[in-house]
Amino acid sequence: MKPFEIANDVFWVGAIHPELRLFDDLFLTKRGTTYNSYLIKGKNKIALIDTVKGVFVQDFMTNLKTVCDPSKIDYLVVNHTEPDHTGSVLEFLKLNPHVTVVITKPGALFLQELTNSKFNVLEASDELSIDLGGRTLKFVIAPFLHWPDTMFTYLAEDQILFPCDAFGSHYYSETGMFNDTAGDFSEEFTVYFDALVRPFKKKVLLAIAKVKDVPVKIIAPSHGPIHRTNPQQYVKKYQEFSTVEKLPNGKKSILVLYLSAHKNTEKLTLQIAAGLKTEKTEVKTIHITEMSLDQIRDELEKADGLLVGSPTINRDVPKPVWDVLTLFQTVSHELKLVAAYGSFGWSGEAVKMIEDRFKSLKLKTFEPGFKVSFTPTEADLAKAREFGQKFAEAILV
Ligand code: FEO
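Here's what I pulled together on the structure shown here. (Residues numbered from 1 in each chain as written. Predicted model: local features only at pLDDT ≥ 70, side-chain atom pairs only at ≥ 80, totals over all residues. Heavy atoms only, no water.)

**Examining unusual backbone geometry**
Between L145 and the following residue, H146, the backbone shows a cis peptide bond with an omega angle of 10°. With respect to the helices, strands and loops of the structure, H146 is situated in the loop between β13 (136-141) and β14 (151-155). In this chain, E367 is followed by P368 through a cis amide linkage whose omega measures -5°. In this model, D9 sits at a positive phi of 60°, which is unusual for a non-glycine residue. (Helix = DSSP H or I, 4+ residues; strand = E, 2+ residues; numbered from the N terminus.)

Structure below.
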């Protein structure tokens, strides 16, 4: 795709990747993506915001040379160092070794290690301001959106916010690169949030608070359509996506997720759930296969406490339970206490394996877990209820 102006003398000079179907080997991208890089010409200075993924360096260089001589660029602003935006930095530095790289402190360290080269650094901060001649660049440090190095760049006079990966979409459309020409990308916008940004909901709210009074006419993210029509709707969506409702009056929400091959773990679940119930706790019990992983992920984010019940199958935790235990990298949870329990037939490794998983995630684990061989007796059921009661007492401390 050829360069185009998003505002007077502000050019998109990125690359498109329509055929991409899996981003970072992790996330489905049904509609491909774009790597957005922007060039800003002031009266005296020129700034480039980000580069593109390394395999597209030639497209990027062609675009860049169409709008300016790369050796004349004064500033390379690196909003974030993930290789889909810095993969062409090394080639760019060969053309322009004297450029000043504007970047956060952690970003400078990451970029040095990514490129194994030396470059001039100007450390970005909320106070930094760069005069390009009639145009001013300002910066908003926004760590963990979604890397520790992330920042937003703001072109003050034009009121354009370049928020790095935030407010982006993995989406490419032949019909246009703006939100009013690209067609419906609402699904990709949401999927993108869930895949990349969701684990950092609190950081999203902090970043939005920092820019809430900043007038913005255009939001130009690092991927997908550029928002020039009602850009605030995307900020509002991030605000909604990132707000998690908690129970009032200090009540604790306890989630019980379980799987039960022969109804024995289910019998324990009923007793544990009864033991968990107090005036200050609300308990939700979910059979893992009766809810989608997306729904379980939502429930995890609301919970203060979590218990996972599982049988042991062939000395292992069954796959549906493992699938739940992999959700933690995709959620912003606030779990204060977790535990494992289950009925087993032969060897009963699952409870310990789930506890090990919790501990490897640094979750505070209520131990020892509770396990019963085959069918629980009346005494086992009483102990299960007591296990629930003790867990509730511990989380209410
Ligand atoms: Fe699009 Fe986090 O890089």
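**Section: the side chain of R135**
Within the secondary structure, R135 sits in the loop between β12 (129-131) and β13. Among the polar contacts made by the side chain of R135, one reaches the main-chain carbonyl oxygen of D9 at a distance of 3.4 Å. Apart from the residues within four sequence positions on either side, R135 is in contact with N8, D9, V10, I40, K41, G42, I130, L155, E157 and D158. (Polar contact = N/O pair within 3.5 Å; in protein donor to acceptor, adjacent residues only side chain to side chain. Contact = heavy atoms within 4.5 Å.)

**Looking at the pattern of salt bridges**
In this structure the tally under the stated criterion is 24 salt bridges. For E334, the salt bridge identified is with K202, shortest N-O distance 3.7 Å. Of this pair, E334 sits in the loop between α10 (319-325) and β20 (337-344) while K202 is found in helix α6 (residues 201-211), placing the two residues 132 residues apart along the sequence. Judged by relative accessible area, which is 56%, K202 ranks as exposed. We note a salt bridge from E299 to K302, for which the minimum N-O separation is 3.6 Å. Taken together, the residues E299 and K302, both in helix α9 (residues 293-302) and three residues apart, mark about one turn of the helix. According to the relative accessible area criterion, E299 is buried, its value standing at 12%. (Salt bridge = Lys/Arg side-chain N within 4 Å of Asp/Glu carboxyl O. Buried < 20%, exposed > 50% of the residue type's maximum accessible area, 1.4 Å probe, protein only.)

**Comments concerning the sheet that holds strand β2 (residues 10-12)**
Consider a sheet: its strands pair through backbone hydrogen bonds, and that pairing is either parallel or antiparallel. The strand order across the open sheet built from seven strands is β1-β2-β7-β8-β9-β10-β11, with neighbouring strands paired in mixed fashion. Pairing within the sheet leaves two strands with one partner each, and these edge strands are β1 (4-7) and β11 (120-123). For this sheet the average axis-to-axis angle between neighbouring strands, irrespective of direction, equals 30°. Where strand β9 (residues 75-77) and strand β10 (residues 100-103) come together, three bridges link them in parallel fashion. By the bridge assignment, Y75 is partnered in β10 with T100. (Pairing = 2+ DSSP bridges. Axes fitted to C-alpha atoms, helices over the stretch in contact; angles between N-to-C directions.)

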